[in-house]
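# Report on the structure
Take a look at the letters that make up each chain.
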Amino acid sequence: MARVASSPLGLHRFRPLPVRVHQFLQVVRPSIQLHNKLPRYQKIVCCQTSPNPTESSSATQENPIVEPATDVDSRTPETVASSTENGIPEYPTKTLNKQIAVVSTLAAVGLFLSTRLDFGVSLKDLSAMALPYEEALSNGKPTVVEFYADWCEVCRELAPDIYKVEQQYKDRVNFVMLNVDNTKWEQELDEFGVEGIPHFAFLDKDGNEEGNVVGRIPRQYMLENVDALARGKSSVPHARVVGQYSSAESRRVHQVVDPRSHG
């Protein structure tokens, strides 16, 4: 049996080599760092749009943000249709805003014309519907007498309002129109003291004047005065009101062709 030498010179071959601490850390640290980096790399691969892991440089690049154009709508009909189907709200463009503004303006103008002009009601229309003066004084109803002229701008502007009031009370109140250019009504002009037109005289059922208004007045004033006449009141709430009017001295006198004319 062989004997192991006990000489100190031979035992040094079997002693473990001393490992320094800093050398050990240099070996272990790269493996730890590689272990920590592996999950991060996996996360990047999961978030990238391309499944190819070899194109790491292009995968880590961020896509540039493109802001939508504000002046020109470059969307195609397919894009608009898809966004509408997906429930994405559409932002108004300048073209849409202009269209809305045009439609709103047209609607406002149409409303104004419908309320002020009442679709073409004129002085001639009112005169044709008016009751003759002599008949109005004899039928036992209160009467509204309007002195007017075809050239009177205020008279034309008030025609739609007078028409609306007349349609509301025509069964209970007479409405008479006397043209100041007609020499037939010279006596009535003096009797009612007409100096400006339109001149409205409010008469009770016996033909007695209860008040008058001259010129442009609110429709509510006319409505309240006519309502007082219809209910048999002894006076009207607006008995002496003067607005913008045309002077009766500017009337153009003409001869009456038909003496029975009340215009």
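Below, the structure is looked at part by part. Every value quoted in this text rests on a predicted model; they were computed, and no experiment measured them.

Turning next to the overall build of the chain. Looking only at helices and strands, one finds ten helices and seven strands in the chain. By sequence separation, contacts in the chain at least 24 residues apart represent 76% of the contacts at least 6 residues apart. Entry remark: accessible area of the chain is about 18,900 Å², with carbon and sulfur atoms responsible for 56%.

On the basis of which strands lie adjacent, the open sheet formed by five strands has the order S2-S1-S4-S5-S6 and mixed pairing. Every other strand in the sheet has two partners, leaving strand S2 (174–179) and strand S6 (240–242) as the edge strands with one partner each. Strand-to-strand twist across the sheet, computed as the mean angle between neighbouring axes with direction ignored, equals 15°. Note that strand S1 (residues 143–148) and S2 share six bridges and pair parallel. Opposite Val144, over in S2, you have Phe175 as the bridge partner. This element, helix H8 (residues 153–169), spans S1, S2 and strand S4 (199–203) of the sheet and lies at about 155° to S2. Relative to the sheet, helix H10 (residues 219–230) contacts S1, S2, S4, strand S5 (209–214) and S6, its axis offset from that of S4 by approximately 20°.

Take Pro198: it is sitting in the loop between strand S3 (196–197) and S4. Measuring from C-alpha to C-alpha, the distance between Pro198 and Gly215 comes to 5.2 Å, with 17 residues separating the pair along the chain. Among residues more than four places away in sequence, those in contact with Pro198 are Glu146, Phe147, Cys152, Val154, Cys155, Leu158, Val213, Val214 and Gly215.

Counting buried residues in S1 gives six out of six residues, a clear majority hidden from the surface. Burial along S1 is two-sided: the face carrying Thr143, Val145 and Phe147 and the face carrying Val144, Glu146 and Tyr148 are both buried. For the crossover that starts at S1, traverses H8 and ends in the parallel S2, the hand is right-handed. In terms of strand pairing, S1 meets S4 through five bridges, oriented antiparallel. Note that in S4 the partner of Glu146 across the bridge is Phe200.

Another point: the packing of aromatic side chains. A complete count under the given rule lists two aromatic pairs for this structure. For the ring pair Tyr133 and Trp185, a centre distance of 6.0 Å and an interplane angle of 80° mean the geometry is edge-to-face. With Tyr133 in helix H7 (residues 133–136) and Trp185 in the loop between S2 and helix H9 (186–191), the pair connects residues that are 52 residues apart, well separated along the chain. No difference in accessibility class separates Tyr133 from Trp185, as the two residues are buried.

Another point: the side chain of Asp204. Residue placement: Asp204 occurs in the loop between S4 and S5. Salt bridges are absent for the buried Asp204, whose nearest opposite-charge side chain, Lys205, sits at 8.4 Å. Among the polar contacts listed, one links the side chain of Asp204 to the backbone nitrogen of Asn208, at a separation of 2.8 Å.

Looking now at the pattern of salt bridges. Following the criterion strictly, the structure yields two salt bridges and no others. Ionic pairing is found between Glu157 and Arg216, a salt bridge with its closest N-O pair at 2.3 Å. Here Arg216 lies in the loop between S5 and H10 and Glu157 lies in helix H8, a separation of 59 residues in the sequence. What makes Glu157 partly exposed here is its relative accessible area of 27%.

Now for the nonpolar core. In this structure, Phe147, Ile197, Phe202 and Val226 are the most contacted members of the largest nonpolar core, which totals 43 residues. Contributing elements (two or more residues each) for this core: helix H6 (123–129), H7, S1, H8, S2, S4 and H10. Ranked by residues supplied to this core, first place goes to H8 with seven residues.

Burial of S2 is extensive: six of the six residues sit out of reach of the surface. Residues Asn174, Val176 and Leu178 point to one face of S2 and Phe175, Met177 and Asn179 to the other, with burial holding for every one of them.

Reading guide: rules and limits
Residues numbered from 1 in each chain as written. Predicted model: local features only at pLDDT ≥ 70, side-chain atom pairs only at ≥ 80, totals over all residues. Heavy atoms only, no water. Helix = DSSP H or I, 4+ residues; strand = E, 2+ residues; numbered from the N terminus. Contact = heavy atoms within 4.5 Å. Areas by Shrake-Rupley, 256 points an atom, 1.4 Å probe, with all protein chains shown as cover. Pairing = 2+ DSSP bridges. Axes fitted to C-alpha atoms, helices over the stretch in contact; angles between N-to-C directions. Buried < 20%, exposed > 50% of the residue type's maximum accessible area, 1.4 Å probe, protein only. Right-handed = clockwise from strand over helix to strand, strands pointing away. Phe/Tyr/Trp six-rings, centres within 6.5 Å; stacked < 30°, edge-to-face > 60°. Lys, Arg positive; Asp, Glu negative; His and termini not counted. Salt bridge = Lys/Arg side-chain N within 4 Å of Asp/Glu carboxyl O. Polar contact = N/O pair within 3.5 Å; in protein donor to acceptor, adjacent residues only side chain to side chain. Core = buried A, V, L, I, M, F, W, Y, C linked by side-chain atoms within 4.5 Å.

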